[in-house]
Amino acid sequence: MKALKNLFDKARPTFTSGGRLSALESVFDGFETFLLTPRTTSGPGSVHVHDANDAKRTMIIVVLALMPCFFFGMYNTGYQHWLALGATEFPFGELMLYGFLAILPRVVVSYFVGLGIEFAFAQWRHEEIQEGFLVTGILIPMICPIETPLWMMAVATAFAVVFAKEVFGGTGYNIVNVALIARAFLFFAYPAKMSGDKVFVATDTALGYGTPVADGFTCATPLGQIATHSGGDLALTGVDGHVLTAWDAFLGLIPGSFGETSVLCILIGAAILIFTGMASWRIMVGVFAGGLAMGWIANVFATPTYPGSMLPAVDQLLYGGFAFAAVFMATDPVTACRTNTGKWIYGVLIGVLAVVIRVYNNGYPEGAMMAVLLMNVFSSLIDWCVVQANIRRRMRRLIVKSSES
């Protein structure tokens, strides 16, 4: 570590004001503060406390919380591919390698495009490079189908970073979740690549590794099967035709977006975020409570017109991106509510809306993305209403005390 610090100290004059590469000062600063504790401290006479836990370290903890989902996504990608091939044996190492090679290009594209744009904006504004994309860069490939073409992911990432973040001022100023905007852009611009029964299971080789699946293979996700259900008993099936259970959904051994299938791994990530104080447990609990309540109401009044209403309330939380959205999307501190009461309202409404959208809109089986984005827009209003309610309550209390005296 000392050698690395000496290397940055030696290179600093070249990148600071007056140096030969001073135009790249923000880029140099970004790499230095990512690898080492920031050198900035409070000025003389200041009462501020300085420690090593800056925003970059915070983002790294969130990335670590995502790792259980990421590693399971690697396994499940290989597992679903092997099922599509009709395999009866599932070698762990080969499945992990296939999943890693399948997701690696998408992660590289996401970071390369997103960070490249952020570096360019930082240089243009003569500002430090922000750290928010450390999380966004890995979230984007995790919430997209594994078959999403690389050029589409690049376009969606660029659109999201520019129009959902940089035009508002950069990290900390965006009003909606950047990763979800990338997914929404893909869904509405290229719907055939973001839904249906051909995009959630990898069918080609991964960087030349593996065996291609026969042409014409299709397999819808459980929510996709529900949306197209036309009558009779509702039985959800996996890639090889076996009936899926709630336990399969909890573990994540089902088709779906790369990092969203395993509720078990998502809950491990939630525990990390809550233990480290990086995310609000109120929002998480609120989302699950709202989804469970709305799922129960929909199931009580189930009708064949809306097949999603036939799904038990608990299953609404297990399938699709509901749990992932509750833990990693709804809790984004920039776009979520800040007041404690507001967090409860915000979370519950996200859960309710997610189930309402997926149950009563057969053309859009997954509602978590739209629910979070919609409530992002209303989060500031919710906080304002909560604060105003507190002010009115205190004013009434003051009036009562004045009249009594």
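Residues numbered from 1 in each chain as written. Predicted model: local features only at pLDDT ≥ 70, side-chain atom pairs only at ≥ 80, totals over all residues. Heavy atoms only, no water.

Enquirer: Can you walk me through the pattern of salt bridges in this structure?
Expert: Counted according to the given criterion, the structure contains 2 salt bridges. Lys165 is the partner of Glu118 in a salt bridge, and the nearest nitrogen-oxygen pair spans 2.3 Å. Of this pair, Glu118 sits in helix H4 (residues 92–125) while Lys165 sits in the loop between helix H6 (150–164) and helix H7 (178–189), placing them 47 residues apart in sequence. This pair shows no difference in class: Glu118 is buried, exactly as Lys165 is. When the shortest N-O distance is used, the salt bridge between Glu366 and Arg358 registers 3.1 Å. Here Glu366 matches Arg358 in class, with each residue buried. (Salt bridge = Lys/Arg side-chain N within 4 Å of Asp/Glu carboxyl O. Helix = DSSP H or I, 4+ residues; strand = E, 2+ residues; numbered from the N terminus. Buried < 20%, exposed > 50% of the residue type's maximum accessible area, 1.4 Å probe, protein only.)

Enquirer: So what exactly am I meant to see when it comes to the environment of Gly78 here?
Expert: Turning to its location among the elements, Gly78 is positioned in helix H3 (residues 55–84). Judged by relative accessible area, which is 0%, Gly78 ranks as buried. Discounting chain neighbours no more than four positions away, the residues touching Gly78 are Leu95, Tyr98 and Gly99. (Contact = heavy atoms within 4.5 Å.)

Enquirer: So what exactly am I meant to see when it comes to the packing of helix H5 (residues 133–142) against H6 here?
Expert: It is at 11 Å that the axes of H5 and H6 come closest, and there the two elements cross at 145 degrees. Judged by the sense of rotation from one axis to the other, the crossing of H5 with H6 is right-handed. Each of Phe133, Ile140 and Pro141 in H5 lies in contact with H6, whose residues at this interface are Met153, Thr157 and Val161. Here the contact of H5 with H6 is built from residues that sort into 5 nonpolar, 1 polar and no charged. (Axes fitted to C-alpha atoms, helices over the stretch in contact; angles between N-to-C directions. Left-handed = near helix turned anticlockwise from the far one by under 90°. Nonpolar A, V, L, I, M, F, W, Y, C, P; charged D, E, K, R; others polar.)

Enquirer: Just to check I follow, could you spell out helix H15 (residues 368–404) for this structure?
Expert: An α-helical turn contains 3.6 residues, so a residue and the one three or four places further along point in the same direction. Taking 1.5 Å of rise per residue, the 37 residues of H15 would be expected to cover 54 Å, and the 51 Å separating its terminal C-alpha atoms lies within 8% of that figure. Along H15, the largest kink reaches about 45 degrees and is centred on Phe378. Listed as buried for H15 are Ala368, Met369, Ala371, Val372, Leu373, Met375, Asn376, Ser379, Ile382, Asp383 and Val386. On its buried face, H15 sits against H7, helix H13 (322–329) and helix H14 (340–360). (Expected span 1.5 Å × (residues − 1). Bend = angle between axes of the 7 residues up to and from the residue.)

Enquirer: What is the right way to read the packing of aromatic side chains from this model?
Expert: Two numbers describe a pair of aromatic rings. These are the distance of the centres and the angle of the planes. One pass over the structure, following the stated rule, counts 19 aromatic pairs. Ring centres of Tyr306 and Tyr360 lie 5.1 Å apart, and the angle between their planes is 75 degrees; this geometry places the pair in the edge-to-face category. Residue Tyr306 is found in the loop between helix H11 (281–300) and helix H12 (313–318), and its partner Tyr360 is found in helix H14; the two are separated by 54 residues along the sequence. Aromatic ring contacts, followed pair by pair, group Phe72, Tyr75, Tyr79, Phe90 and Phe92 into a single cluster. (Phe/Tyr/Trp six-rings, centres within 6.5 Å; stacked < 30°, edge-to-face > 60°.)

Enquirer: Is there a simple way to explain the nonpolar core in this structure?
Expert: Burial of nonpolar side chains together is a common tendency in soluble globular proteins. In terms of nonpolar packing, the biggest core is built from 102 residues, with Phe70, Leu273, Phe324, Phe328, Met329 and Tyr346 touching the most fellow members. A per-element tally of this core places H3 first, with 14 residues. Residues in contact with Phe324, not counting those within four places in the same chain, are Leu66, Cys69, Leu139, Met142, Ile143, Gly259, Glu260, Ile266 and Met329. Judged by nonpolar contacts, the second largest core, of 6 residues, contains Val109, Val113, Phe121 and Phe133. (Core = buried A, V, L, I, M, F, W, Y, C linked by side-chain atoms within 4.5 Å.)

Enquirer: What's the story with H6 in this structure? I'm lost.
Expert: Between its first and last C-alpha, H6 extends 20 Å over 15 residues, near the 21 Å set by a 1.5 Å rise per residue. Residues Met152, Met153, Ala156, Thr157, Ala160, Val161 and Ala164 constitute the buried set of H6. The buried side chains of H6 occupy one side of the element, clustering within an arc of 155 degrees when seen end-on. (Arc of directions from axis to C-beta.)

Enquirer: How should the packing of H6 against H7 be read in this particular structure?
Expert: The relative placement of two packed helices comes down to the angle between their axes together with the axis-to-axis distance. Where H6 meets H7, the axes come as close as 8 Å, and the angle between the chain directions of the two elements is 130 degrees. By the criterion of interaxial angle, the relationship of H6 to H7 is oblique. Crossing angle aside, the handedness with which H6 passes H7 is right-handed. The residues of H7 that touch H6, namely those facing Met152, Val155, Ala156, Phe159, Ala160, Val161 and Ala164, are Val178, Ile181, Ala182, Phe185 and Leu186. Each residue belonging to the contact of H6 with H7 can be placed in one class, and the counts come to 12 nonpolar, no polar and no charged. (Parallel < 35°, antiparallel > 145°, perpendicular 65-115°, else oblique.)

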